[in-house]
Structures are given as structure tokens and as C-alpha cells.
Amino acid sequence: MSSAGPPMDPAAAAAAAAAAQAAMLQFTIEAWTLLAIGILVTMLRTYARIKAVGVRGLQADDYLVWVGAIFYAVETSLAYSVGAVAQGLANNAMTDEQRATLSPDSAEFKTRVIGSKIQLAGWSSYSVLLWSLKASLLVFYMRLTAGLKRSYLIRIYIGFGLLAASFVTILMNLFLACRPFHKYWQINPDPGNVCQPAISNQVIWVYLSMNVVTDLYLISIPVPMLWQSSLKPVKKFGLIILFSGGLFVVACAILRCALIVADTVNGAQLAGSWAVRETFVAVITTNLPMVFPLLKMWLTPVFGSLLTTMRSQQKLTDKESKSDLRTFGGGSHQSWRRRGGPPTANPITNITFNESEERMVDEVKMQDLKAWTDTSTNGSGPTSNNIRKHVEVAVVSEMRDERELPGQRNPIGDEENQHGNFSFARGPRRSSYTGHGRT
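Computed from a predicted structure; not experimentally measured.

Chemist: Which residues make up the packing of helix α2 (residues 60–84) against helix α4 (residues 107–144), and what values do they have?
Modeler: Packing of α2 against α4 leaves a shortest axis separation of 8 Å and a crossing angle of 160°. For the element pair α2 / α4, the angle class is roughly antiparallel. Considering only the axes of α2 and α4, their crossing is left-handed. Residues belonging to the contact of α2 with α4 are distributed by class as follows: 18 nonpolar, 7 polar and 3 charged.

Chemist: Now, about α4: what can you tell me, with residues and values included?
Modeler: Helix length check: α4, at 38 residues, gives a terminal C-alpha distance of 55 Å against a target of 56 Å (1.5 Å per residue), a fit within 8%. Counting buried positions along α4 yields 30 of 38 residues, so the element is predominantly enclosed.

Chemist: So what about the state of the cysteines? Which residues, and what values?
Modeler: Tallied over the entire structure, the rule returns 1 disulfide. Here cysteine 178 pairs with cysteine 195 through a disulfide, and the sulfurs are 2.0 Å apart. Since a negative S-S torsion denotes a left-handed disulfide, the cysteine 178-cysteine 195 link at about 110° is right-handed. Highlighted residues: cysteine 178 in the loop between α5 (150–176) and α6 (201–219) and cysteine 195 in the loop between α5 and α6, separated in sequence by 17 residues. For cysteine 178, a relative accessible area of 0% corresponds to the buried category. The class of cysteine 195 is buried, set by a relative accessible area of 2%.

Chemist: Mind laying out the pattern of salt bridges, listing which residues take part and the relevant values?
Modeler: According to the stated counting rule, one finds 9 salt bridges in the structure shown. With a closest N to O distance of 3.3 Å, arginine 45 and aspartate 62 form a salt bridge. You can see arginine 45 sitting in helix α1 (residues 10–53) and its partner aspartate 62 sitting in helix α2, a full 17 residues away along the chain. Taken individually, arginine 45 and aspartate 62 each receive the classification buried, so the pair is uniform in this respect.

Chemist: Give a detailed account of the nonpolar core, specifying residues and quantitative values.
Modeler: The nonpolar side chains of a soluble globular protein tend to be buried with one another. Core analysis: the biggest nonpolar cluster contains 65 residues, and Tyr72 and Tyr141 have the highest contact counts within it. The biggest single contributor to this core is α4, with 13 residues. Among all residues touching tyrosine 72, those that are not within four sequence positions of it are Leu34, Leu35, Gly38, Leu129, Val276, Thr279, Phe280 and Val283. With 5 residues, the next largest nonpolar core counts Met94, Phe109, Val113 and Ile187 among its residues.

Chemist: Just give me the short version of a nonpolar patch on the surface, but keep the residues and values in it.
Modeler: Together, Tyr47, Leu295, Met297, Trp298 and Leu299 make up an exposed nonpolar region whose accessible area comes to about 460 Å². Of all the elements, helix α10 (residues 267–321) adds the most residues to the nonpolar patch, at 4 residues. Along the chain, the position of leucine 299 falls in helix α10.

Conventions adopted
- Residues numbered from 1 in each chain as written.
- Predicted model: local features only at pLDDT ≥ 70, side-chain atom pairs only at ≥ 80, totals over all residues.
- Heavy atoms only, no water.
- Axes fitted to C-alpha atoms, helices over the stretch in contact; angles between N-to-C directions.
- Helix = DSSP H or I, 4+ residues; strand = E, 2+ residues; numbered from the N terminus.
- Parallel < 35°, antiparallel > 145°, perpendicular 65-115°, else oblique.
- Left-handed = near helix turned anticlockwise from the far one by under 90°.
- Nonpolar A, V, L, I, M, F, W, Y, C, P; charged D, E, K, R; others polar.
- Expected span 1.5 Å × (residues − 1).
- Buried < 20%, exposed > 50% of the residue type's maximum accessible area, 1.4 Å probe, protein only.
- Disulfide = S-S within 2.5 Å.
- Salt bridge = Lys/Arg side-chain N within 4 Å of Asp/Glu carboxyl O.
- Core = buried A, V, L, I, M, F, W, Y, C linked by side-chain atoms within 4.5 Å.
- Contact = heavy atoms within 4.5 Å.
- Patch = residues over 30% accessible without salt bridge, like charges linked within 9 Å, V, L, I, M, F, W, Y side chains within 5 Å.
- Areas by Shrake-Rupley, 256 points an atom, 1.4 Å probe, with all protein chains shown as cover.

So this is what it looks like as C-alpha cells:
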């Protein structure tokens, strides 16, 4: 508060100080906890990449995420300093009278100057942090779309251009909007809204627009590929959500700007608090596509054993209720080779990288994937690089009596002639046979 303001009741002042101290403690715990989680996720991503491709196989995106992590730590420290050092003050939220009566030698004057400089440094670290994470995503997309149509590569190059242009725009706006530059921490006379870094409308809206445009463009690269894939709906929508994490960053950025513009008095503290939250979401969503396969691999044995137990119990229940039925199509894998046909009537003739999200870690190249050729239709043998997908089909039917009435054909023999690609496995007979008909 300004020293020129009206005197405050001692009890009210004490209550306000206690509330501010409690809020500062809560924010401190939150900020450093989020930073620890963000660093941990970045370390997991690096571990997953090294495990997949080795240290020498690391690429630009693996280093860019660490640039982001370093500046995330810098930004968190600056946001903490807003409250711990500058006490939430800057060169905003002052009347002309308060500015005129505030002595340059006073502690509040010096605190407001330091707070304004911290805000300026916070915007700078915020810029490098977010745009380095965006660049890492584009490099990752180049690997992800290797072997696909050239149009995807062109879109990624356009993304690099958009990223560079937007980064130059926000920095020029930040460092050239307020002239002369020292007015960013000027107290008296009022430097104007554009030179108040904590609540500058020009700085806020330019950052928001560039942030939203680049995030939406980054989302538009992988999502159409996933939407057009032949994945199962559950997996398809799961991956779309995974690659649409930028929407959460956009939501946080919009909320942050709205709160700062609406509350100009506490704008300095709000700017620091919401900057930390927004960038935490950005760090997590950027690294999650690389960390997700690793977490899946670690958690599958735990949850997989549980699912296996449940399925085994279900199979035992099914066997008790269907012990009088027999199946066909459950023969060995060698039976279809003797008949020259595939293990299913509909061989897989096309496969894309979207068949497995583990491709993001395993570095499978699209140009190495080839369609499976049906030897029963063209007679040509498979090449060494072919991909086969074995599908076992079990069809349940009611048992029929094997005896034939005089003059009737054996139905099972006809079935074998008509379905040469399947073998029949006989099940147990019913004990209540009453004649030539069905039981």
C-alpha cells in the first residue's frame, strides 16, 4: 500500500497482513510443488528417449524441453520474488497524488521499482519457456510424420515460420512498446498503462493472441491424422485428447489475462501466480506424448495381472455354461499353411503408424511398413519386410449328431469343403441322445 493512502484501522491492517502472509505461503507451496513435478516429468521423458534411442539418438526436441525446464525454474523464482521481495507491488495501482507524495528514498518506492523490473523479467522468461516448448513439439512432429505425405512436412515448416514470427513479435512488443525503456519502472509521473508491465493491456493481449494462434496451429497438425486413422474409437479419441493438451494451455492463458485485466490492483501478484500455473500445464502437455508409453509399460504388469485374473474367472464361468458346445477355427497356426490360406478370411492389407502409440518412442519409420500380400490370390510369396497380423477366430455352434440318415449328406463334411480355411475341433457329446434328431 502507498504511504500516502488514508490511515487503516490497526485491527484491519493486521488482518490484511495475516491474509497476505497466508496467501503467500499457499502460493509458495503450490509454485515449488508444480516446479518439482514439471522437472520430474521432463526427466521421465528424457529417460524414455534414452531408453528408446540412446544418448546419441537424442534430437533437438529432447534438448529444447530442457531449455523450457530451465526457464520454468527461472520463472517460478521470479514469481516467488513478486511476493517475497516486491510484496506484490509494482508501478501500477497508484493515484497521481500517491505518486507525487511518494519519496524516491522511501522503501516503498524502491520496492515498486524492483517489482516492476521483476515483472519485465517474468514476461521475458515466460516467452522463452513457452516458445521453446512449442518448437520441441514441431521437431517431434517431424519424427512422428516421417514417411507420410509431404503435405504434413510442409505444414510443420509453416509452423516453424509461424513460431519464429510470433516470437519476434512478442519480444519486439515487450521491449519497444514503452519508450524510453526506463519508464517500465517509472513511478512519477504516471508512465501510462502500456509502461506498467504487470497490467499492460498491450503486452497482455499481444502475448495472448500469439499464444493462442500458435497453440491451435500445433494442435491442427496431429489431430487430423488421428481422426482419419482406422484405430478403435476409444484409442483414437484417447490419442486425440493426448495431443490436444494445448487447449488446456490456451484456457489457462485466457483465464490469466482475464483475471489480470479485471483486477488491476492485485495484477502484479496475479500475473506471477497464473504464469506459473499456465507454464506448468504447458510443460506437462508437451512431455506427456513421450512419457505416456513409458507409464503404460510400467503400469501394464500391475493392471494387466488384475485384468487377466478377471478374464480367467469369466472364462471358467463360460466353460461351465457352454461345456456342451464345440468350436471351429481354433486349430493350430500350422493348419492354414497346409491349405494355402491366411488365418482369417480378411487379411490386413494396410497398416498405419497409428496402430500403436508406442511408435512415438520406438522410432518406427513409415517407409519401412509394407502391406501384407495374400498368397492365395496372387500366388506370390511374401517379401522379407512384410507385416502380418494373426487373428484367431472362434465361432460357436450347437453340436449336431454325426450319424446320417439314409440318403442324406454329411453336413460336417460339406462344411469342411466349403470352409477350407478352417479346422473343426470336436467338443464333448451330449449324454441325452434320443434318436436321429437333435438333442
